[in-house]
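Architecture at a glance
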Amino acid sequence: MSSKSAPPPLPEPLGVAVADSHTHLDMQDGTVEEALARAAAVGVTTVVQVGCDIKGSRWAAETAAAHREVHAAVALHPNEAPRIVLGDPAGWSRQGAREAGGDAALDDALAEIDRLAALDEVKAVGETGLDYFRTGPEGMAAQERSFRAHIEIAKRHDKALVIHDREAHADVLRILAEEGAPERTVFHCYSGDAEMAEVCAAAGYFMSFAGNVTFKNAQPLRDALAVAPAELVLVETDAPFLTPAPYRGRPNAPYLIPLTLRAMAAVKGLDEDTLASAIAANTARAFGY
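The notes below deal with the structure included here.

Rules and cut-offs
Residues numbered from 1 in each chain as written. Predicted model: local features only at pLDDT ≥ 70, side-chain atom pairs only at ≥ 80, totals over all residues. Heavy atoms only, no water. Helix = DSSP H or I, 4+ residues; strand = E, 2+ residues; numbered from the N terminus. Rg over C-alpha atoms; globule rule 2.2 N^0.38 Å. Buried < 20%, exposed > 50% of the residue type's maximum accessible area, 1.4 Å probe, protein only. Contact = heavy atoms within 4.5 Å. Lys, Arg positive; Asp, Glu negative; His and termini not counted. Charge placed at Lys NZ, Arg CZ, Asp CG, Glu CD. Pairing = 2+ DSSP bridges. Axes fitted to C-alpha atoms, helices over the stretch in contact; angles between N-to-C directions. Core = buried A, V, L, I, M, F, W, Y, C linked by side-chain atoms within 4.5 Å. Right-handed = clockwise from strand over helix to strand, strands pointing away. 1 Å grid on protein atoms, 1.4 Å probe; cavity = no way out; pocket = protein on both sides within 12 Å on 5 of 7 lines; lining within 4 Å. Points joined across faces, edges and corners; volume = space filled by probe spheres on them. Nonpolar A, V, L, I, M, F, W, Y, C, P; charged D, E, K, R; others polar.

**Thoughts on the overall build of the chain**
For the chain, the helix and strand inventory stands at 10 helices and eight strands. Relative to a compact globule of 289 residues, whose C-alpha radius of gyration would be 19 Å, the chain shows 18 Å and is just as compact. Each of the three principal axes of the chain carries a C-alpha extent, and together these read 50 × 45 × 35 Å. Looking at the chain as a whole, 54% of its 289 residues are labelled buried. At a minimum sequence separation of 6, the contacts of the chain that also span at least 24 residues come to 71%. In the chain, which carries 26 positive and 41 negative side-chain charges, the distance between the mean positions of the two groups comes to 3 Å.

In structure tokens, the structure reads:
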């Protein structure tokens, strides 16, 4: 195995246990049990498994039902909604090509997310939101309709809302304000600047930071983290993506949370245990477990 594809070594364990607020175990190598054991060995004792489509959301719910330390989030990813409505002949995502199903197909998919959202082991509706990086103007209407529907589902079931916001900050904030955000709203892989962090803090939105906060070119993210209130900050991997420095480009997994958390503590001028205690309490509060 080349060093680029080799899993990074286990970091020093945390002194205070925390949760990985956003991971994709179904996209990682090895079994769920192996992933959870490695994470627990370094003090990451809880994970939120996030679905991005119907199949992944069902898997998240089943996995959470089978493992005490896993909680599920269910949703159609912002890039999934246009694929359902408009079709995707090239099949960029892992499910391959699909035919256009129109609005009726999106309604059917949202009804299944609604059904899953009622389950006890499902603690959140997400990741939903807007992604202007991968979906062009033709897909925006489907994305927005899907996002608004997910907000309604989260509120009706009293679940957290997990937001994917890529290059769409103003519209995400506007739609949340128009619809009325759920009581517990999490910006996954927070990507805004310090000014947006102040807007999120004023609204009581949680901001979850991923491994990219450790990247050299991510000073705006660190500036945002610096102003984000400690009681609204979460940590996540988004594994297998966004592996923290110094292992950028290698496969990410929940056991690498300590690297990101230590970098975050340095940015906030807090000792590791203080930040870990805050994050542990915040994550339980955000996801209601």
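**With respect to the sheet that holds strand β3 (residues 70-74)**
Read from one edge to the other, the open sheet built from eight strands follows the order β1-β2-β3-β4-β5-β6-β7-β8, with strand pairing classed as parallel. This sheet does not close on itself; its edge strands, each paired only once, are β1 (18-23) and β8 (233-235). The sheet shows a mean angle of 30° between the axes of neighbouring strands, direction not considered.

**Observations concerning the nonpolar core**
Judged by nonpolar contacts, the single largest core of 69 residues is most densely connected at F147, L176, F187, Y190, F209 and M264. Sequence-distant contacts of F147, that is, excluding residues within four places in its chain, are made with T128, G129, L130, L161, I163, V172, I175 and L176. Ranked by size, the runner-up nonpolar core spans 12 residues in total, among them V186, L234, A286 and F287.

**Thoughts on the pairing of β3**
Within β3, five of the five residues are buried, leaving the element largely enclosed by the surrounding structure. Of the two faces of β3, the one holding V70, A72 and V74 and the one holding H71 and A73 are both buried throughout. Bridge count between strand β2 (residues 44-50) and β3: four bridges; the pairing is parallel. Looking across to β3, one finds that V50 is bridged to A73. Viewed along the sheet, the connection from β2 through helix α2 (residues 54-66) into β3 turns out right-handed. Examined bridge by bridge, β3 and strand β4 (residues 122-131) share three bridges and lie parallel to one another. Counted as the bridge partner of A73 is A124 from β4.

**Notes on the side chain of S146**
Relative to the helices and strands, S146 is located in helix α5 (residues 140-157). Ignoring anything within four residues of it in the chain, the contact list for S146 reads L76, A81, L106, L110 and T128.

**Topic: empty space enclosed by the protein**
Under the criterion given, the structure shown has one cavity of 30 Å³ or more. Of the voids in this model, the largest cavity is the one considered here, and its volume is about 30 Å³. Lining the largest cavity are D165, F187, H188, C189, Y190, S191, G192 and M196. Class assignment for the residues of the lining of the largest cavity results in four nonpolar, three polar and one charged.

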